Amino acid sequence: MKRRIFLIFASLLGLSTQVQARKVITFEHNFKALEPTLRAVQEHLFPQGSRIPSAKEMDLTKFLFETMKHSSFDRDIKDFVFEGARELEKREKNRFTKLSIELKEKALREYEETSYGSNWLGRMMTLSMEGLFSDPIYGANKQEKGWKSIHAYGAFPLAKEKYLGV
Amino acid sequence: MYDVVVIGSGASGGAVAYTLCKAGFTVALVEKGRLIKREEFSKDELAYCRRDLVTPNLFDEFHTIEEKVQGKWVATPTHESGWSFWNGNIVGGSSNLMSGMLHRLHPDDFRLKSKYGEIKGANIVDWPISYADLEPYYTLAEELVGISGHYEKHPFEPWRSTPNFSQKPTTENAVSSLIDKSCKALDITPLVTPRAVLSQKKGHREGCYYSNLCGSYGCSSGAKGSSREALIYPALATGKLTLLTNTHIKSLHTKDKDKVSYALAIDTITGKEKKIKGKIFVVATQAHESARLLLNSHNADHPNGLGNSSGELGKNLLFSGGGAGQGELHQESLKHIKFNDLMTTGLFVNRSILDWYFIDHWWYGKFKGGSVEFMFEHQNVISRAIKNNYKDGSLVWGKELGERVFKRFTTHKNIRFEIFNDWLPNDDCFVSLDPTHKDKYGMPVGKLRVEGHPQDVKVGKYIAKKCEKVLEEMGAKNIYSSVSSGASQNLVAGGCRFGNDPKTSVLNAHCRSHDVQNLYVADASFMPTGGSVAYTWTIYANAFRVADKIIANLLHTLS
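Residues numbered from 1 in each chain as written. Chains lettered and ligands numbered in written order. Predicted model: local features only at pLDDT ≥ 70, side-chain atom pairs only at ≥ 80, totals over all residues.

(A) The environment of His302 of chain B, seen in detail. All names here are of chain B. Assignment of secondary structure puts His302 in the loop between helix 8 (287-296) and strand 10 (317-318). Taking C-alpha positions, His302 is 9.9 Å from Val516, a pair spaced 214 residues apart along the chain. Among residues more than four places away in sequence, those in contact with His302 are Gly307 and Asn308. (Helix = DSSP H or I, 4+ residues; strand = E, 2+ residues; numbered from the N terminus. Contact = placed C-beta atoms within 7 Å.)

(B) Structural detail: unusual backbone geometry. With an omega dihedral of 0 degrees, the bond running from Phe156 of chain A to Pro157 of chain A counts as a cis peptide bond. Topologically, Pro157 of chain A is positioned in the segment after helix 8 (145-149). Phi at Lys93 of chain A is positive, roughly 55 degrees, even though this residue is not glycine. Along the chain, Lys93 of chain A turns up in the loop between helix 5 (75-91) and helix 6 (101-112). In the Ramachandran plot, Gln70 of chain B falls in the positive-phi region, its phi being about 50 degrees despite a non-glycine side chain. Structurally, the position occupied by Gln70 of chain B is in the loop between strand 3 (64-69) and strand 4 (72-77).

(C) Spatial organisation of the sheet that holds strand 3 of chain B. All names here are of chain B. As summarised here, the arrangement of the four strands in space is 4-3-20-19, forming an open sheet in which the pairing is mixed. Since the sheet does not close on itself, it has two edges, and those belong to strand 4 and strand 19 (429-438), each with one partner. The sheet shows a mean angle of 35 degrees between the axes of neighbouring strands, direction not considered. Across six bridges, strand 19 lies against strand 20 (residues 444-450) in antiparallel orientation. (Pairing = 2+ DSSP bridges. Axes fitted to C-alpha atoms, helices over the stretch in contact; angles between N-to-C directions.)

(D) The interface of chain A and chain B, seen in detail. Contacts between chain A and chain B engage 37 residues on the former and 32 residues on the latter. Contributions of two or more residues to the side of chain A that touches chain B are made by helix 1 (3-15) and helix 7 (115-132) of chain A. Among the elements that line the side of chain A that touches chain B, the one with the most residues is helix 7 of chain A, at seven residues. Of the residues in the side of chain A that touches chain B, the class split is 20 nonpolar, nine polar and eight charged. (Nonpolar A, V, L, I, M, F, W, Y, C, P; charged D, E, K, R; others polar.)

(E) How the structure looks around the nonpolar core. Residues and elements named next belong to chain B. Val6, Val16, Ala17, Val27 and Val282 are the most contacted members of the largest nonpolar core, which has 192 residues in total. If you tally residues by element for this core, the top one is helix 13 (residues 536-558), at 10 residues. When residues no more than four places from it in sequence are discounted, the contact partners of Val282 are Val4, Val6, Ile7, Val16, Tyr520 and Ala522. (Core = buried A, V, L, I, M, F, W, Y, C linked by C-beta atoms within 7 Å. Buried ≥ 20, exposed ≤ 12 C-beta atoms within 10 Å, placed from the backbone.)

(F) Representation of the pairing of strand 7 (residues 247-254) of chain B. Residue and element names in this part refer to chain B. Both strand 7 and strand 8 (residues 260-267) contribute to a ladder of seven bridges, which runs antiparallel. Among the inter-strand pairings, His253 is bridged to a residue of strand 8, identified as Tyr262. Two successive antiparallel strands, strand 7 and strand 8, enclose a turn made up of five residues.

(G) Spotlight on the environment of Leu424 of chain B. You can see Leu424 of chain B is positioned in the loop between strand 18 (412-421) and strand 19. Those residues in contact with Leu424 of chain B that lie beyond four places of it in its chain are Ile119, Ala122, Ile124, His453, Gln455 and Asp456 of chain B.

(H) Summary view of the confidence of the model for chain B. Averaged over all residues, the pLDDT of chain B equals 97, while 100% of them reach at least 70. If you check the scores for this complex, the pTM reads 0.95 and the ipTM reads 0.92. (pLDDT = per-residue confidence, 0-100.)

(I) Up close: the sheet that holds strand 18 of chain B. All names here are of chain B. Here we have six strands laid out as an open sheet, ordered 5-12-15-18-11-21, and antiparallel in their pairing. The open sheet is flanked by strand 5 (190-192) and strand 21 (477-483), the only strands paired with a single partner. Averaged over all pairs of adjacent strands, the angle between their axes in this sheet comes to 25 degrees, without regard to strand direction. Sheet contacts for helix 6 (residues 175-185): strand 5, strand 12 (351-353), strand 15 (370-376) and strand 18; angle to strand 5, the most-contacted strand, approximately 145 degrees.

Here it is in structure tokens:
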């Protein structure tokens, strides 16, 4: 199933309850409301003590906010990120952020059992890794720690401005 | 009024503009995108490859792609599928972003029908020109664009009028010698890939600095033979060129039946419209968009599209047949070369195989084959890292993910091959105007039906098996290949095929419209068949040839 068809399909199933509200609620408001969940998910997927830098150390949630806010970001994926976080909290009765590491793991693995959850978690991983391994100008590959951790280096010249100044 | 208005600044538009400016004519070169200068280019993967910031936002400008689903044609807008058919909308077009692995067509590519006869379901015709007509322009492009390489005699390497390339090949990774040894062990002849990248300084352009990220990115030394570096800057230096950036042509308008009088342009930033007038108009916007522009320029005299009395406009669109394969070169099983040498970044692989360009097999028979390029897996860090997210169908995260990504980047390097074989022209591969969808400028978008011919897949699979043997001989692990009839959106040609008969072709042998005296199409649209190599060298060469025909036309008019 094509990505957007999947997203639309998911919405038709009732996973999105705020289709109309989306039009008036600002992106910042949405993000702020869901930030604790998004942050908790990122920090679980990219924990401290790994070969690669952690979400916390690299502030991947800040990167997520900035990249989703940029005009180049796919509007359907933006909605999907929010909807997926809401769905996770709905499944966990709004207590996901308060769960222990073990219970978070259990909750995410159970979420992954659904095709929607698997798709959403995959998207969260991709967006987080975009931050970790992108040009340092985006702020989530601090001192090139992402690149250095895997002995891979971006090529030169580095970017002088984010998103080509667009 | 300009002498010539060139629409599109990619390989063909740049070649036409350069030639005409050098000959003293005034040229307006119109480009929808902006100018990104050499010093502004970076290797920003997020911007160039993940967010596609050098192509239009698909919600603003898109295509619809028709594919057969359960026996019915279904058109899907690319903003739904994410399958973009844009290729670098900046000054210099996609030539800024190419990998630059180029070959000339073989002389028999110009006479495929005569050589191999009809193929059921394929609309094969001979070209109205021969390799000998184009050879001087291949040579000219080699010199002006700056194609480095080393000529070796080979049964399927076309003849050339100069003994060798003036630029030696770019520096190669040790893996090239491993490919050489492995090919020779299999009685295969590896060839050095001609590459549109300078190995040494040439005029205002520096030689390659081996950044490790070439394809998909603009070049920061000017080594890559983009239209912008090689042709547009020198054309600007003549004082004859007016470069109109952020300017999109919506349609062409005729005053008399057989003459374009102006192009209707829109400033993509302000939205203001204006008319651009010229004596001659050259369309060079990439094949599927050139046909769309002419279709969108229909009027009372040309009800089915400008220059479409044949009804052939948009038909016989071509992509590139073939596929790709890959294998992993691991430290513990590496043969002949040192692991550290393999892991050295930035250097090129530069190896091609033409042994299967034409196939005469005791069992499979005699048929047109294709070419093969070897390269490393694209060295983008993000795209390589995210390939490690799944194991046995489940997502991998946490510390295990860290270990997997680290291992992938430090214990092996992936070697890849790409196959290029003819995309046979057929009735189910064409561009037309979508009856419902319009772009942000209010113009109907191009609807592309992109069905391939079964022969294309057959040829690709034949060659893929041969290439897998090469990877095996190299000691690669986890070898796989994928050959399908999927359209390669970065290699597009056809749609305005040239020919001598106005009833069956859109353009004449000079790539001038049969119907409209001052209208030329200079991009890959003219190609009735595509050959079995990437199109770029042929696009450059033919555009230089077309420019000479335009000059003759202008001089004739003046006299």
